[in-house]
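As a plain string of letters, each chain reads:
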Amino acid sequence: QVQLVESGGGLVQPGGSLRLSCTTVEIIFKVADMAWYRQAPGKQRELVASIRGGGTRNYADSVKGRFTISRESAKNTMYLQMNGLKPEDTGVYYCYADVPKTFLTHKNTYWGQGMQVTVSS
């Protein structure tokens, strides 16, 4: 069973920063396109940022200029650096991996367990 292990969530004041991490097994990390989603209370889950295996990045308009997505191959870990946090960034953040069919993998998608990020004074 493939796992995406998340860490880094918590409570922060407006204007503050957090760094989220998502770690998985090496074979998945090397081939997957990965992303961060979030779900605010009473709202649908939305894409926050994505990073393809080749490094191409995309961001939701609401986080451009404040959030940075990256991946570190040596640690099989994806990050989301969140700066200038606002109350509207509050929600449960999920790590996501889209795995293509390759010689060693089946096509599949995986989600992390989710972690709370609360921006409040």
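Let us look at the structure shown here. (Residues numbered from 1 in each chain as written. Predicted model: local features only at pLDDT ≥ 70, side-chain atom pairs only at ≥ 80, totals over all residues. Heavy atoms only, no water.)

**Quick look at the packing of aromatic side chains**
Inspection of every chain in the model, using the stated rule, returns four aromatic pairs. With a centroid separation of 5.0 Å and 65 degrees between ring planes, the pair formed by Tyr37 and Trp111 is classed as edge-to-face. Remark: Trp111 occurs in strand β10 (residues 108–111) and Tyr37 occurs in strand β4 (residues 33–39); sequence separation between them is 74 residues. Classification of Trp111 by relative accessible area gives partly exposed; the value is 37%. Summarising the aromatic geometry, the rings of Tyr94 and Trp111 are spaced 6.2 Å apart at their centres and angled 90 degrees between planes, so their arrangement reads as edge-to-face. Of this pair, Tyr94 sits in strand β9 (residues 91–99) while Trp111 sits in strand β10; the two residues are 17 residues apart in sequence, bridging distant segments of the chain. Clustering of aromatic rings is evident, with ring pairs tying together Tyr37, Tyr94, Tyr96 and Trp111. Here the guanidinium or amino end of Arg45 rests over the ring plane of Trp111, the centre of that ring lying 4.6 Å away. (Phe/Tyr/Trp six-rings, centres within 6.5 Å; stacked < 30°, edge-to-face > 60°. Helix = DSSP H or I, 4+ residues; strand = E, 2+ residues; numbered from the N terminus. Buried < 20%, exposed > 50% of the residue type's maximum accessible area, 1.4 Å probe, protein only. Lys NZ or Arg CZ within 6 Å of the ring centre and 35° of its normal.)

**Thoughts on the pattern of salt bridges**
In total, this model carries seven salt bridges according to the counting rule given. Among the ionic pairs, Glu26 bridges to Lys30, the shortest N-O distance being 3.6 Å. Here Glu26 and its partner Lys30 are both found in helix α1 (residues 26–31), four residues apart, which amounts to about one turn of the helix. The exposure class of Glu26 is partly exposed, given its relative accessible area of 44%. A salt bridge links Asp89 to Arg38, with the nearest nitrogen and oxygen atoms 2.9 Å apart. Placement of the pair is Asp89 in the loop between β8 (77–82) and β9 and Arg38 in strand β4, with a sequence separation of 51 residues. Each of the two residues, Asp89 as well as Arg38, counts as buried. (Salt bridge = Lys/Arg side-chain N within 4 Å of Asp/Glu carboxyl O.)

**Observations regarding the nonpolar core**
Taken as a class, soluble globular proteins show a tendency for nonpolar side chains to be buried jointly. By size, the foremost hydrophobic cluster in this structure holds 29 residues, and its most contacted members are Met34, Trp36, Leu80 and Met82. For this core, the elements supplying multiple residues, two or more each, are β3 (18–23), α1, β4, β5 (46–51), β7 (67–72), β8, β9 and β11 (115–119). Ranked by residues supplied to this core, first place goes to β9 with four residues. Ignoring sequence-local partners within four residues, the contact set of Met82 consists of Gly16, Ser17, Leu18, Leu20, Arg66, Phe67, Tyr93 and Val117. (Core = buried A, V, L, I, M, F, W, Y, C linked by side-chain atoms within 4.5 Å. Contact = heavy atoms within 4.5 Å.)

**Thoughts on a nonpolar patch on the surface**
Taken together, the side chains of Val25, Ile27, Phe103 and Leu104 define a hydrophobic patch exposed on the protein surface, amounting to about 460 Å² of accessible area. Considering the arrangement of structural elements, one finds Ile27 in helix α1. (Patch = residues over 30% accessible without salt bridge, like charges linked within 9 Å, V, L, I, M, F, W, Y side chains within 5 Å. Areas by Shrake-Rupley, 256 points an atom, 1.4 Å probe, with all protein chains shown as cover.)

**Comments concerning the environment of Leu85**
Relative to the helices and strands, Leu85 is located in the loop between β8 and β9. On the basis of relative accessible area, Leu85 is assigned to the buried category, the value being 2%. Along the sequence, Leu85 and Thr56 sit 29 residues apart, while their C-alpha atoms lie 24 Å from each other. Sequence-distant contacts of Leu85, that is, excluding residues within four places in its chain, are made with Val12, Pro14, Gly15, Gly16, Ser17, Leu18, Arg66, Phe67 and Val119.

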